[in-house]
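Residue-level listing of the chains:
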Amino acid sequence: MAYRFDELTVDDPEAGEIKLRGDGFAAAGEIVTLLVSPEVQRYLDMSADEAAQASDIAAQYRESLKRIYSGGAWRPPHLDPATASARQDVEAKVEKLIGPARAKRLQRLSWRIRGPDALLDDDLADALQLTAEQRQAIATVAQANETDHRRVLEEFKSARLRNRAELEDRGRRANRAGHERL
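Note that residues are indexed from 1 along each chain, following the sequence as it is written. Under the rules for a predicted model, residues below a pLDDT of 70 receive no local features and side-chain atom pairs below 80 are neither given nor counted, while totals for whole chains, interfaces and linings still include all residues. With hydrogens and water excluded, all non-hydrogen atoms of the structure serve as input to the side-chain values.

Taken as a whole, the largest pocket holds about 580 Å³ of empty space. Taken together, 22 residues make up the lining of the largest pocket; nearest its centre are His78, Arg87, Leu120, Asp121 and Asp122. The helix count covers DSSP runs of H or I at least four residues long, the strand count covers runs of E at least two residues long, and both are numbered beginning at the N terminus. Secondary-structure elements contributing two or more residues to the lining of the largest pocket are helix H4 (84–114), helix H5 (122–127) and helix H6 (132–157). Per element, the largest residue contribution to the lining of the largest pocket is five residues, and it comes from H4. Polar here means any residue outside two lists: the nonpolar Ala, Val, Leu, Ile, Met, Phe, Trp, Tyr, Cys and Pro, and the charged Asp, Glu, Lys and Arg; Gly therefore counts as polar. Here the lining of the largest pocket is built from residues that sort into nine nonpolar, five polar and eight charged. Here a cavity is any set of points on a 1 Å grid over the protein atoms alone where a 1.4 Å probe fits but cannot get out, and a pocket is any open set with protein on both sides within 12 Å along at least 5 of 7 lines; a residue lines the site when it has an atom within 4 Å of a point. Grid points are joined across faces, edges and corners, and a volume is the space filled by probe spheres set on the points.

If you want it as structure tokens, here you go:
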């Protein structure tokens, strides 16, 4: 996903222009990163108290992921079944905090921003009535896309890519190709 390589600016038809960045634990379009974005908070008409509680939810999620990954290799949370309960916990807390109507608006915004990557979400797959075989095919492609992203990052670390602009360009190309495959 592009969030790994630079700031993501989205011009959403409902929310307007939103600048996002992944937080190292979740993608820029994930519920938890959207929830702490000032532009998204304005879009959802969140109060100052709700915004503060949203930051607490995000911090709790990060701590959950730290515990999950403390003894093993990191995988992107949206691809890792071990994070499912932490992700579900965030969604439940978000709905309790902002109510079902605004939580649905936030979820739809997440789907629009994440594009084809959102096909991994059970709620979207259910809404699209994807079969078990289609879901498995999507998961397989998403894992291949992740492998491509890791390859780009390894090239950057090994200095085969000379500068950040080159990394960002390669990252965007890998992201586009991955979305096309999905």
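Looking now at unusual backbone geometry. Phi at aspartate 45 is positive, roughly 55 degrees, even though this residue is not glycine. Counting through the fold element by element, aspartate 45 comes out in the loop between helix H2 (38–43) and helix H3 (48–69). The phi dihedral of glutamine 129 is positive, around 55 degrees, even though this residue is not glycine. Within the secondary structure, glutamine 129 sits in the loop between H5 and H6.

Next up on the list: H3. The length a helix should cover is 1.5 Å for every residue beyond the first. Spanning 22 residues, H3 covers 32 Å between terminal C-alpha atoms, matching the ideal 32 Å at 1.5 Å per step. For each residue, the accessible area found with a 1.4 Å probe, counting protein chains only, is set against the maximum for its type, and the residue is called buried under 20%, exposed over 50%, and partly exposed in between. Residues of H3 that are buried include every one of Glu50, Ala51, Ala54, Ile57, Ala58, Tyr61, Ser64, Leu65 and Tyr69, and no others. An end-on view of H3 places all buried positions within 130 degrees of arc, on one side of the element. When the buried face of H3 is taken as reference, the exposed residues oriented beyond 90 degrees from it are Ala48 and Arg67. The directions considered for the arc run from the helix axis to the C-beta atoms.

This paragraph deals with the packing of aromatic side chains. We describe a pair of aromatic rings using the distance from one ring centre to the other and the angle between the two ring planes. For this analysis, a ring pair means two rings from Phe, Tyr or Trp (six-membered ring only for Trp) whose centres lie within 6.5 Å, classed as stacked if their planes differ by under 30 degrees, edge-to-face if by over 60, and tilted for the remaining angles. All chains considered together, the criterion is met by zero aromatic pairs. Cation over ring: arginine 105 sits above tyrosine 43, and NZ or CZ is 4.4 Å from the ring centre. When the NZ atom of lysine or the CZ atom of arginine is within 6 Å of a ring's centre and also within 35 degrees of its normal, the charge is said to sit over that ring.

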